[in-house]
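Coordinates in review
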Amino acid sequence: MFKLKSLIIVINIIILIFTIELFFIFILNFKTEVKINTCKRIYNKEKDFSVYTPNCKSVIKHWEQSKFVTYETNSAGRRDLDSENSDIKKIAFIGDSFTFGAMVPIEDNYNFYAFNNILKKPYNIHNYGTPAEQLHNIFNKLKTINYKDYEHIIYGLTPNDFFDLVDGKFNPKKISSSKIETSKTVGYDTNFINKIKSYLVSSATSRFILHTLMSNDQIYLKTYLSRKPYSGYLLEILPNEWIESFNYFDKSLKDLDVNLKSKLKIFILPQRAEVVSSRLNSHNSSFINSLINICKENQIDCSYPDLNSLSKLKESHFPVDGHLSIQGNHEVAKSLSLWVKTWR
């Protein structure tokens, strides 16, 4: 009799867990869906940077999103809007997934939204952003761009561009010939942190719990600060590994062709941790100030978005994924637009 009662309790618990899981999947829609995915991230081993396959298309809904996002590349492998006009000036954007426009429709990405919706400037925008690229990859790609084609080249720099330098995966003094894999699907990365994240979000129930926890500013910031050495840029006194990575950044700028350098501008994009720390009145400007000083030394115009305005948004970034939301992109675009108006 006791065994039967125990079995009934176990069955009821299983049914309850299964019911909760179905609720989060089909009612709250905490699931990732892929309609089509032909885009692959191709690593050029010789040049040490990545591009996407030309003329590809991926339609994906991340579990933190309510709608599908379409990612399409043109014949050059760039995620651009179809507005090519040879009679107007061109601007190039380069960077990682924030510049690529991960998690948002391309028309809502900060670069296109600033120029097309706010400024309404007559420019062709070429988007060279590629997810998962690191600082050394971006500078290598920058050197391959024909700068003569562009009025300006804007690097959307994020703190995570430095992560391979900070944790030692990339050592400028000893460049490895065996780097990342040759192809990668849009929206996915295989580093250790993302493997852990994938495990934590393996069920809709765990996704809901994680999303809820990370939506809490205090819990999120405390969790993020524990991610050493990556979180070091948030500290008032920057750790040695971050100072060394800034030295590499400085040297990379100094090594650029002077004509390319004259067209380069750097827009420092914030992670969610910076916005949250600003909202909690614990943000310090050591990271920003260090980058601005390096820019000044190299006579490069640099700017960054208004953290205060971003901190007033309910959700500037996706709490778990970390990329800018549509609202976050639009707010960043406002700051970018104000900066552009100061250009000569």
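Structure first, text after, so check above.
Residues numbered from 1 in each chain as written. Predicted model: local features only at pLDDT ≥ 70, side-chain atom pairs only at ≥ 80, totals over all residues. Heavy atoms only, no water.

**Description of the side chain of Ser277**
Its location among the elements puts Ser277 in helix H11 (residues 272-279). Residues within four places of Ser277 in sequence aside, it is in contact with Leu221, Ser282 and His283. (Helix = DSSP H or I, 4+ residues; strand = E, 2+ residues; numbered from the N terminus. Contact = heavy atoms within 4.5 Å.)

**Focus on the sheet that holds strand E1 (residues 33-37)**
Pairing is antiparallel across the open sheet formed by three strands, whose spatial order is E1-E4-E5. Pairing within the sheet leaves two strands with one partner each, and these edge strands are E1 and strand E5 (69-72). Strand-to-strand twist across the sheet, computed as the mean angle between neighbouring axes with direction ignored, equals 10°. (Pairing = 2+ DSSP bridges. Axes fitted to C-alpha atoms, helices over the stretch in contact; angles between N-to-C directions.)

**Section: helix H4 (residues 135-142)**
The buried fraction of H4 amounts to seven of the eight residues, a majority that puts the element mostly inside the structure. Those residues of H4 that fall on the buried side of the exposure criterion are Leu135, His136, Asn137, Ile138, Phe139, Lys141 and Leu142. (Buried < 20%, exposed > 50% of the residue type's maximum accessible area, 1.4 Å probe, protein only.)

**Some points on the environment of Leu165**
With respect to the element layout, Leu165 can be found in helix H5 (residues 163-166). According to the relative accessible area criterion, Leu165 is buried, its value standing at 13%. For the pair formed by Leu165 and Tyr230, sequence separation is 65 residues and the distance between their alpha carbons is 9.9 Å. Residues in contact with Leu165, not counting those within four places in the same chain, are Leu135, Phe170, Pro172, Ser245 and Tyr248.

**Points about the sheet that holds strand E7 (residues 123-127)**
Here five strands make up an open sheet; going across it, the order is E7-E6-E8-E10-E11 and the pairing parallel. The strands lining the two open edges of the sheet, one partner per strand, are E7 and strand E11 (301-303). Pairs of neighbouring strands in the sheet enclose a mean axial angle of 20°, with direction left out of account. Where strand E6 (residues 89-95) and strand E8 (residues 152-157) come together, five bridges link them in parallel fashion. Note that in E8 the partner of Ile94 across the bridge is Tyr155. The strands touched by helix H3 (residues 110-119) within the sheet are E6, E7, E8 and strand E10 (264-268), with E7 carrying the most contacts at an inclination of about 175°.

**Some details on the packing of aromatic side chains**
Each aromatic ring pair is characterised by the separation of its centres together with the angle its planes make. The full count for this structure, using the stated rule, is 25 aromatic pairs. Each ring, one from Tyr71 and one from Phe100, has its centre 5.8 Å from the other, and the planes form 10°; the classification is stacked. Here Phe100 lies in helix H2 (residues 97-100) and Tyr71 lies in strand E5, a separation of 29 residues in the sequence. Under the relative-accessibility criterion, Tyr71 is labelled buried at 6%. Taken together, a centroid distance of 5.2 Å and an interplanar angle of 85° make the contact between Trp339 and Trp343 edge-to-face. Overall, the relative accessible area of 7% leaves Trp339 in the buried class. Taken together, the ring pairs connect Phe139, Tyr155, Phe162, Phe163, Tyr220, Tyr224, Tyr230, Tyr233, Trp242, Phe246, Phe249 and Phe287 into an aromatic cluster. Above the face of the Phe68 ring, Lys35 is positioned so that its terminal group lies 4.3 Å from the ring centre. (Phe/Tyr/Trp six-rings, centres within 6.5 Å; stacked < 30°, edge-to-face > 60°. Lys NZ or Arg CZ within 6 Å of the ring centre and 35° of its normal.)

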